[in-house]
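Observations on chain architecture
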Amino acid sequence: MIEKIKSAFEARFENNPILVKSPGRVNLIGEHTDYNDGFVLPAAVDAAIYFACKSNKTASFRFYSYDLDDFYETPVTNIEKSNKHWANYLLGVIVQFTKAGKKVQGFDCVFGGDIPMGAGMSSSAALETGLAFAINYIESFGFETIDLVKFSQNAEHEYAGVQCGIMDQFAAMHGKSNQVIKLDCRSLDFSYYPLDMSEQMLVLVNTGVKHSLASSEYNKRRQECEAGIALLQKYQPEITSLRDVSLAFIQSHKNEFNALVYKRCTYVIEENLRLENACKALDNGDFVLFGKQMFGSHEGLKNKYEVSCDELDQLVDLAKTINGVLGARMMGGGFGGCTINLVKKETLKIFEETIKANYKTPDGKDPQIIKVSIEEGTHLVSNR
Ligand code: GLA
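Reading guide: rules and limits
- Residues numbered from 1 in each chain as written.
- Predicted model: local features only at pLDDT ≥ 70, side-chain atom pairs only at ≥ 80, totals over all residues.
- Heavy atoms only, no water.
- Axes fitted to C-alpha atoms, helices over the stretch in contact; angles between N-to-C directions.
- Helix = DSSP H or I, 4+ residues; strand = E, 2+ residues; numbered from the N terminus.
- Parallel < 35°, antiparallel > 145°, perpendicular 65-115°, else oblique.
- Left-handed = near helix turned anticlockwise from the far one by under 90°.
- Contact = heavy atoms within 4.5 Å.
- Nonpolar A, V, L, I, M, F, W, Y, C, P; charged D, E, K, R; others polar.
- Pairing = 2+ DSSP bridges.
- Salt bridge = Lys/Arg side-chain N within 4 Å of Asp/Glu carboxyl O.
- Near = heavy atom within 4 Å.
- Polar contact = N/O pair within 3.5 Å; in protein donor to acceptor, adjacent residues only side chain to side chain.
- Areas by Shrake-Rupley, 256 points an atom, 1.4 Å probe, with all protein chains shown as cover.
- Domains from an automatic or database assignment.

Digging into the packing of helix H3 (residues 123–138) against helix H4 (residues 145–160)
Contact geometry of H3 with H4 gives a least axis separation of 9 Å together with a crossing angle of 130°. Comparing their axes, H4 and H3 come out oblique. In the crossing of H3 with H4, the sense of the turn from one axis to the other is right-handed. Contacts between H3 and H4 pair Ser124, Glu128, Thr129, Ala132, Phe133 and Asn136 from the former with Leu148, Ser152, Ala155 and Glu156 from the latter. For the contact of H3 with H4, the per-class residue count stands at four nonpolar, four polar and two charged.

Set out below in structure tokens:
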């Protein structure tokens, strides 16, 4: 893939661009907890977006999307939101450098990759962090990776209209091969957990449903959590997020809650507890217990947070019937995209057969089954 991107760049622009690889991500557990100052457990994967970039000494930014065979150009001095959806993720990133007081010179960029779009694997975060990394490198700005993560997250807020948390951009940038990242989304402290995949593997199944509801419902969930915090703050003003709330405390105020807000908030508190259990399970090499936390996470996302959909539920229910599937849950924002499954290696064949025999995507096709390996975060690729 990288060769194709490089050749496409050289055919269109000049020779010798820098090459950057920026991965998609999975999240093992800890969903919708990032914007509640909670914990997440993501990892960068082998599916990625590749970039070829080079300063062009003109007053324009020129982008070519290899996968869409589409071109976009804009003067460096006048960046505005575009009608081209894909261009906005890139423009949103450039604007962050400007806001941080830097002048980004004109450059050319060709990008493309193999992260399925709308599958909940964060192709948008890969796009943002990849470009942020490339600009920082070309211009020798010297921003820290955490700054680039925040630039990317802000790009999503301001140019894509999703008030996302920090997980996706953080995971894309900080991924390490064969390790998952336990990230504290409040302090941004993080630690790596080795993921022993000698006997089990991570397999995604793509529902084939694009998560189109995701942005509006996503922003609504954030508001519902905030409503819960506002209520509890009356009793404990030091509470600033659901991270600070115990189950016992929220239960003691149940009667004062709107039922929906109560469900949303308890889901978040419980999901953080599941994540803690999952990390302990990892420490003990107990993948059965880990898998149970994943199933529990799906139940919560389906019944309390209500961000699942029939297709995701069907896939998780199917997975539960297969001996050797240790855990399964919807992954990412929800309303479509993928499930993530922890599957014993010897079960893989039966898993694939069972899923294909019993689930078809909305357009009647076999679902895409994606075996993921855990890889390095956004990085420079040698240009040879
Ligand atoms: C999307 C967002 C993330 C996170 C997940 C849900 O992927 O971009 O910040 O909130 O949904 O866990």
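Quick notes on the sheet that holds strand E3 (residues 42–55)
The mixed open sheet is built from six strands, whose spatial order is E5-E4-E6-E3-E1-E13. The open sheet is flanked by strand E5 (70–75) and strand E13 (379–381), the only strands paired with a single partner. Between one strand axis and the next, the sheet turns by 25° as a mean value, whatever way the strands run. Here helix H5 (residues 167–174) sits on the sheet and contacts strand E1 (18–27) and E3; the angle it forms with E1, its principal contact strand, is near 125°.

Some points on the pattern of salt bridges
Where side chains of opposite charge bring their charged atoms close, a pairing between them can arise. If you walk through the whole model with that rule in mind, you get 23 salt bridges. Residue Lys304 is joined to Glu270 by a salt bridge in which the shortest nitrogen-to-oxygen separation is 3.0 Å. Taken as a pair, Lys304 in the loop between helix H9 (287–303) and helix H10 (310–320) and Glu270 in helix H8 (residues 259–283) lie far apart in primary sequence, 34 residues in all. Shared partners join several salt bridges into a network, and the residues in it are Glu217, Lys220, Arg221, Glu224, Lys263, Arg264 and Glu306.

A short note on the site of the ligand
Close to the ligand lie Arg25, Glu31, His32, Asp34, Tyr35, Cys164, Gly165, Met167, Asp168, Tyr218, Gly332 and Gly333, which account for all nearby residues. Note that an oxygen atom of the ligand is positioned 2.9 Å from one of the backbone N or O atoms of Gly165. Note that an oxygen atom of the ligand is positioned 2.6 Å from one of the side-chain N or O atoms of Asp168. Burial of the ligand by the protein amounts to 92% of the accessible area it has alone, namely 310 Å². When grouped by side-chain class, the residues that make up the shell around the ligand number four nonpolar, four polar and four charged. Here the shell around the ligand spans two domains, and each of domain 1 (2–196 + 375–381) and domain 2 (200–372) adds at least three residues to it.

Here we look at the side chain of Glu271
Turning to its location among the elements, Glu271 is positioned in helix H8. There is a polar contact of 3.0 Å between the side chain of Glu271 and the backbone nitrogen of Glu31. Excluding anything up to four places from it in sequence, Glu271 contacts Ile29, Gly30, Glu31, Thr33, Ser297 and Arg329.

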